[in-house]
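Listed below are the residues making up each chain.
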Amino acid sequence: MIDIPNIDANDLRAAPNYVDGQLSLSFAGSADSRSQGAIETMLGRVHTEAMRLGVPEVAVDFRDCDFVNSSCFKAFIVWLEQIQELDSEQQYRLRFFSDDTKAWQRRSLQALSCFAIELVHIESKPSRGGS
Amino acid sequence: MAVAEALPLSIVAQFRATTIERLGRIESAWGALTQRVGTAEGESELFHDVHTLKGEARLVGFADVVLITQRLEDLLVAARRRRYRVTEDVDVLVTMAIQFIRMLVRKRAGASQGGIDINGFLKQIDDVLAEWPRQSETPDASGATGARAGEGGKVSVAVRQRLGGAATQMFLELIMSDERPRLRRAWEILVGELAQLDAVPLMPLVRRHALSAKEVAAELGKEVDVVIEGPDAKVGIEVLDTIHAALLHTLRNAVDHGIEAPHVRAAHGKPRRGQILVNIRIDADAIVVTIEDDGGGIDTEALRRRAETLGLLSPEDASAAPDSTLIDLAFAPGFSVREAATTISGRGIGLDAVRAGIERLGGTISLESKRNVGANVSFQLPQSRRVIDVHRLPSTQPGVTFAVPTTWMVRAERGDDSIDPAIALGLRRAGASVSATLAHIVLARDGEEYPIVIGGSVTRVAAVRICPTSPDDGLEVVSVDDEKMLLIRPDAFFPSLRRSL
């Protein structure tokens, strides 16, 4: 069981999942300033749960996401900084699934990975088609 | 870690606190401007804050912060030209640049940060800047980029780009003419003159650093002469900040950790007064700067122990590692200088950031040392050039190579509607042989696709822009080592070939 709320408001849907010891998040739609608070709350809970569960990695699927604005993206940077501040044995990795045909995903996630190349992995996969 | 070890910790702490506040103001001002609620005063303060941050970072030796802040300033200047009507992904990148600086300022020596990739982040910004059309080089009312405008503003960017376009056309004629010597000479002169348009004198910067190094030595109770050798060279303004950061670190480290105190030197049979030699050499395509001191050199045994402690090398590897391998670790991100400096008379302060900046510009840096004899840092940078990552595309016409920026994705495709760029440009000579290896590919970006046919497999390389043209121009000549390539911007070059997804 994980204690992470879904997001389904303001054009954004985000759902956590924990199956077979793997913690993941899927985003769909668009994240603008209206969703900033919800994303910050969700990512804070994900961080807490990831540490509680001791997972080595959290997967974040952006493929069905049309856009994440700068305010919301900052929440991901803050999340990454929280991971960086952990002792190295507590740190977990972030694996982002992206759709490289969406230029903003390619650019933003590559820039994000530069904050911590050992903690952020980007995997390019075609979009699943639904959004 | 780019911390000035010679500076009192209180100054570094003050810089950190001031910068965190400053970044908050920068972020707020940027948000206001992009949301159309900013004021002229707010804009002026934004540029003033960024410029001051860059200057303060230089003073305290945060070379990595200097590099990112410079690019942030470039982004802001480009955004201002567009009255802050920027795309969302540019907004994200600016926000991330601010966060990146915040992270670098907060970073403590020795902390595990999971591998900060400064070079990669600079590249992301460079890619965005390279994509933005530079319509005009307007004077900077805030003075934030006044130095640059003054140094490089004698000829506008638009004129330089038109000259770049002329050079590109001349290069096409050169290919078609079977390399007529006089045409080649004219092309080389034009490209050389283009490089000089962006050039500024290097020697005043070197002299300032030499003077500063002697002042630091005096503060540390050391005696040192700084000798400068070399011509009164000019360098491209885009490499000046990187050279500044490299000189700042290498000279200060030479004084702080290399040159011994007079009584120590005397005990080793050396003159009480140390010497640092700064040698500048201009090669055909590059500027080479060497900083050599006659100090104590690097304690490689201490480096060996440190590498093992940090887990960078296993005990077996550490024991067997040659000095060259150990010295190379001085460039490794996270190789904590603060901790190392307490146990070794070593270097490395900010060297990872210095190397990142140099490599980003297509240059190299090396460090050699001999214990109790001295150390030698040498870096070379391409002159007055810009580096761009490209896909190298062999042409169907032997002897001709194309390239596209890596902001375009390349994928293989079987198709009948592909166009051959060599034919489109009229480069296919009658009776000339054609590459036996034909490949149909698609260049794709942002919902647009352009199918073309090339003459071999695609590779990714860093190319030097030797005659930059406008982003609205379809062509430009770039260079990888001695190979010249025709850079294609598909959307401008093949507008009729566009396939929308």
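Nothing here was measured: the structure is a model prediction, and the numbers come from that model.

With respect to the overall build of chain B
When helices and strands are tallied, chain B shows 18 helices and 16 strands. For chain B, with 501 residues in total, the buried portion stands at 44%. A separation threshold of at least 6 residues defines the contact pool for chain B, and within that pool the share at least 24 residues apart is 69%.

Thoughts on the interface of chain A and chain B
Residue-level contacts link 24 residues of chain A with 22 residues of chain B. Looking at the side of chain A that touches chain B, the elements with two or more residues in it are α2 (70-84) and α3 (103-113) of chain A. Here the side of chain A that touches chain B gets seven residues from one element, more than from any other, and that element is α3 of chain A. Within the side of chain A that touches chain B, the residues separate by chemical class into 12 nonpolar, seven polar and five charged.

Regarding the sheet that holds strand β7 (residues 374-382) of chain B
All names here are of chain B. Read from one edge to the other, the open sheet built from five strands follows the order β2-β4-β5-β7-β6, with strand pairing classed as mixed. Of all the strands in the sheet, the pair left with one neighbour each is β2 (224-229) and β6 (364-370). Averaged over all adjacent pairs, the angle separating strand axes in this sheet is 10°, with direction ignored. Relative to β7, β6 is paired through seven bridges, and the arrangement is antiparallel. Opposite I365, over in β7, you have F379 as the bridge partner. Of the strands in this sheet, β2 and β4 (274-282) are in contact with helix α9 (residues 203-219), which crosses β2 at around 170°. Docked against the sheet, helix α16 (residues 351-360) engages β6 and β7, running at close to 140° with respect to β6.

Structural notes on helix α1 (residues 9-34) of chain B
Residues and elements named next belong to chain B. Over its 26 residues, α1 extends 37 Å from the first C-alpha to the last, a length consistent with the 38 Å expected when each residue adds 1.5 Å. The set of residues buried in α1 consists of F15, T19, I26, A29, W30 and L33. Against α2 (40-60) and α4 (88-106) lie the buried residues of α1. Residue R36 follows α1 closely and has a positive phi angle near 65°.

Considering the packing of α2 of chain B against helix α3 (residues 63-81) of chain B
A pair of packed helices is captured by two measures, namely the crossing angle of their axes and the spacing between those axes. Residue and element names in this part refer to chain B. Taken N-terminus to C-terminus, the directions of α2 and α3 make an angle of 160°; their axes are 9 Å apart at the nearest point. By the angle between their directions, the pair α2 and α3 is classed as roughly antiparallel. For the pair α2 and α3, the sense of crossing is left-handed. The segment α2 lies against α3, with L46, F47, V50, H51, L53, K54, A57 and R58 engaging V65, V66, T69, Q70, L72, E73 and L76. Of the residues assigned to the contact of α2 with α3, the class counts are nine nonpolar, three polar and three charged.

Cut-off values and rules
Along every chain, residues carry numbers that run from 1 in the direction the sequence is written. Here chains are named by letter from A upward and ligands by number from 1 upward, in the order in which they appear as written. pLDDT decides what is reported in this predicted model: residues at 70 or higher carry local features, side-chain atom pairs at 80 or more are listed and counted, and totals for whole chains, interfaces and linings draw on all residues regardless. Helix numbers and strand numbers start at the N terminus; a helix is a DSSP run of H or I with at least 4 residues, a strand a run of E with at least 2. Put simply, a residue is buried when 20 or more other C-beta atoms lie within 10 Å of its own C-beta and exposed when 12 or fewer do; between those, it is partly exposed, and each C-beta is set from the backbone. Any two residues are considered in contact once their C-beta atoms, placed from the backbone, lie within 7 Å. In this count, Pro and Cys sit with the nonpolar residues alongside Ala, Val, Leu, Ile, Met, Phe, Trp and Tyr, while Asp, Glu, Lys and Arg are called charged and the others, Gly among them, polar. In this description, strands pair whenever DSSP reports at least two bridges between them. Between N-to-C directions, angles cover 0 to 180 degrees, with each direction set by a line fitted to C-alpha atoms, over the stretch in contact for helices. A helix is expected to reach a length of 1.5 Å times the quantity of its residues less one. Note on terminology: angles under 35 degrees are roughly parallel, angles over 145 are roughly antiparallel, angles of 65 to 115 are roughly perpendicular, and the others are oblique. Here is the rule for handedness: rotate from the far helix to the near one, and if that takes an anticlockwise turn smaller than a right angle the crossing is left-handed, while a clockwise turn gives right-handed.

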